[in-house]
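Chain residues, written in single-letter form:
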Amino acid sequence: MSSDPHILIIGAGQAGAETAWRLRGGGFVGKVTLVGDEPLEPYQRPPLSKAFLAGKVSRADLVFRGADAYAQMQIRLLSETRVEDIDRSARIARLLGDEALRYDVLVLATGARPRRLPVVGADLPGVHMFRTAADVDAIRPSFRPGAKLVVIGAGYIGLEVAAVARQCGLDVTVVEAAARPLARVTSPEIASFFLSEHSAKGVRFALGAQVASIRGHEHATGVTLTDGAELPADVVIAGVGVTPEVSLAQRCGLTIDDGIVTDANCRTEDPSVFAIGDCASRPMRHYDNRMVRLESVHNAIEGAKLVAASILGQNPPVLEAPWFWSDQYDLKLQIAGLFQGYDRVVLRGDPRDRAFAVFYFKQERMIAVDAVNKPGEFLGAKALLQKGLSPSPEVLADMTKPMKEIVATAG
Ligand code: FAD
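Residues numbered from 1 in each chain as written. Predicted model: local features only at pLDDT ≥ 70, side-chain atom pairs only at ≥ 80, totals over all residues. Heavy atoms only, no water.

Turning our eyes to something else, we now look at the overall build of the protein chain. On a plain count of helices and strands, the protein chain comes out with 11 helices and 26 strands. At 22 Å, the protein chain has a C-alpha radius of gyration in line with the 22 Å of a compact globule built from 411 residues. With the C-alpha coordinates aligned to their principal axes, the bounding extent of the protein chain is approximately 65 × 65 × 35 Å. When the 411 residues of the protein chain are sorted by exposure, 52% land in the buried category. Long-range pairs, those at least 24 residues apart, make up 59% of the contacts in the protein chain with a sequence separation of at least 6. Within the structure as shown, the protein chain displays about 18,000 Å² of accessible surface, and the carbon and sulfur contribution to it stands at 51%. Where the 46 positive side-chain charges of the protein chain centre and where its 48 negative ones centre are 3 Å apart. (Helix = DSSP H or I, 4+ residues; strand = E, 2+ residues; numbered from the N terminus. Rg over C-alpha atoms; globule rule 2.2 N^0.38 Å. Buried < 20%, exposed > 50% of the residue type's maximum accessible area, 1.4 Å probe, protein only. Contact = heavy atoms within 4.5 Å. Areas by Shrake-Rupley, 256 points an atom, 1.4 Å probe, with all protein chains shown as cover. Lys, Arg positive; Asp, Glu negative; His and termini not counted. Charge placed at Lys NZ, Arg CZ, Asp CG, Glu CD.)

Have a look at this one:
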């Protein structure tokens, strides 16, 4: 690296902003530039489908820090600026409008983009994606009591949006192609609990249902399903997953395989290029070094920690098992570990109390937990996963044993 190295971070979201901050916090004295194509300073996305949609927090609450803070830390923040191309041999990134930025180290933190609905009518006014603060600004005026909302996709974002909409008095129908909600992300036990909670709040579900088209001339007026059912709608929100934003990486020849491929320290095959957050996939120690791409705040922060440590020449940080959360009504779901591949579930507590945990086991080892209004169980399981410890299913199911004791005595 040169004596005044320049770190260029493309993507001013959770992962990119965290990297810039950690570099300065770790004493990096070279140049740091953070380029993002959104108009707002870097901000948190989780509140978008929760308190921000509900109108309980403002844009100022969303941003991590105001523009002044970046200036004070000598981080050059270029908002509303899109990087169009990267020339890796010359180490130059070209911005829209032809400005070029030379770099010593490049960090790709380009996130993910929502999948578009591949149906007629998907581009009508009144049909929305759900990824950015601007998306929510466009949706909020239609969140009026009595308005008809059709949410397409019953993943976490779709269900969080449905919960806020019901609390705002909208008439809500959720359409899901799978036979149950949350099919990709959790077990039937947790899915059926959330299905009954939403149904009790008045949300209607069309499960195992495919969207044929969105009706309307100047504005969406309804959703037609492939079985011919017609769902009237004043507003339609598509929450049908995301694809990693890899277009820049692809164009400059980096390897892509469900995200930009990196090593365990987030370095791509080009030693001067890192990739982190939703756009990247890396081998994870907690999963036998299998390549994993995660979409979570925790993963974005871990990527930033790894990159900052590499650039600063420090030892890699100790990494935690993955964790995630979702808020719906007064329910806080907290997840630690990855449940995929489980062969047994262990229930701790009673879902009728609206506070319980489901532990996932694979070959007699606990691999993950979904805890509903049970923060102690979440924290306990997270600590156990971190240490590679696993209590027996019988012990975990025994509500007479406090979670703290289970953690302290696990082998
Ligand atoms: P992003 O935050 O998406 O940032 C990437 C940025 O790069 C974007 O601003 C993008 O516009 C920009 N960009 C892309 N290409 C270019 C380019 N060529 N030039 C310039 N800029 C570019 N996670 C949780 O753990 N818990 C939750 O409860 C939770 N809730 C969520 C709710 C919603 C509605 C959403 C959308 C996500 C939620 N997530 C949640 C996921 C979490 O927010 C993401 O995993 C996290 O934001 C990923 O950070 P990132 O920096 O990788 O990507």
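We now examine the environment of Leu-195. Note that Leu-195 resides in helix H6 (residues 188-200). Taking the C-alpha atoms as reference points, Leu-195 and Ser-213, 18 residues apart in sequence, are found 25 Å from one another. When neighbours within four sequence positions are excluded, Leu-195 is seen to be in contact with Pro-181, Phe-205 and Leu-207.

Aromatic ring pairs are described here by two measures, namely the spacing of the ring centres and the angle between the planes. By the definition in use, this model includes nine aromatic pairs. Ring-pair connections join several aromatic residues into one group, and the members of that group are Tyr-156, Trp-323, Phe-324 and Trp-325. One cation-aromatic arrangement involves Arg-65 over Trp-21; the distance from NZ or CZ to the ring centre is 3.6 Å. Its guanidinium or amino end placed over the ring of Tyr-329, Lys-201 lies 4.8 Å from that ring's centre, counting from NZ or CZ. (Phe/Tyr/Trp six-rings, centres within 6.5 Å; stacked < 30°, edge-to-face > 60°. Lys NZ or Arg CZ within 6 Å of the ring centre and 35° of its normal.)

On to the pairing of strand S24 (residues 344-350). As judged from the seven bridges shared by S24 and strand S25 (residues 355-362), these two strands associate in the antiparallel manner. Residue Val-346 lies in a different strand from S25, and its bridge partner there is Phe-359. Taken together, S24 and the strand that follows it, S25, pair antiparallel across an intervening segment of four residues, in which Arg-354 is found at a positive phi of about 60°. (Pairing = 2+ DSSP bridges.)

Most of strand S14 (residues 220-225) sits inside the fold, with five of its six residues counted as buried. Summarising the sheet, strand S13 (residues 211-216) and S14 pair through five bridges and their orientation is antiparallel. Pairing of Ile-214 across the sheet is with Val-223, part of S14. Hairpin geometry of S13 and S14 is characterised by an intervening segment of three residues between the two adjacent antiparallel strands. Judged from the three bridges that link them, S14 and strand S15 (residues 230-232) form a sheet pairing that is antiparallel. Bridge pairing links Val-223 to Leu-231 in S15. What sits between the antiparallel neighbours S14 and S15 is a turn of four residues, in which Gly-228 has the positive phi angle 95°.

Taken together, 32 residues sit near the ligand, with Asp-37, Glu-38, Lys-50, Arg-131 and Asp-278 positioned nearest. Note that an oxygen atom of the ligand is positioned 2.6 Å from one of the side-chain N or O atoms of Glu-38. The protein chains hide 95% of the 990 Å² of surface that the ligand would expose on its own. Breaking the shell around the ligand down by element, the ones donating at least two residues are helix H1 (14-25), helix H8 (297-312) and strand S22 (323-328). When its residues are assigned to classes, the shell around the ligand shows 13 nonpolar, 10 polar and nine charged. (Near = heavy atom within 4 Å. Polar contact = N/O pair within 3.5 Å; in protein donor to acceptor, adjacent residues only side chain to side chain. Nonpolar A, V, L, I, M, F, W, Y, C, P; charged D, E, K, R; others polar.)

All right, on to the sheet that holds strand S10 (residues 148-152) then. An order of S9-S16-S10-S11-S12 is seen for the five strands of this open sheet, with the pairing classed as parallel. Each end of this open sheet is capped by a strand with a single partner; those strands are strand S9 (127-128) and strand S12 (204-207). Summarising the sheet, strand S11 (residues 171-176) and S12 pair through four bridges and their orientation is parallel. Its bridge partner lying in S12, Val-175 is registered against Ala-206. Across the sheet, helix H5 (residues 156-167) touches S10, S11, S12 and strand S16 (235-238), and the angle it forms with S11 is around 165°. (Axes fitted to C-alpha atoms, helices over the stretch in contact; angles between N-to-C directions.)

In globular proteins that are soluble, nonpolar side chains generally tend to be buried together. Within the largest apolar cluster, 44 residues are counted, with the highest numbers of intra-cluster contacts made by Phe-143, Leu-149, Val-172 and Phe-194. Per-element accounting of this core gives the leading share, seven residues, to H5. Setting aside residues no more than four positions away along its own chain, Phe-194 makes contact with Leu-159, Leu-182, Gln-328, Leu-331, Leu-333 and Val-372. Counting 26 residues, the second largest nonpolar core, distinct from the first, contains Leu-34, Tyr-70, Ile-75 and Ala-308. (Core = buried A, V, L, I, M, F, W, Y, C linked by side-chain atoms within 4.5 Å.)

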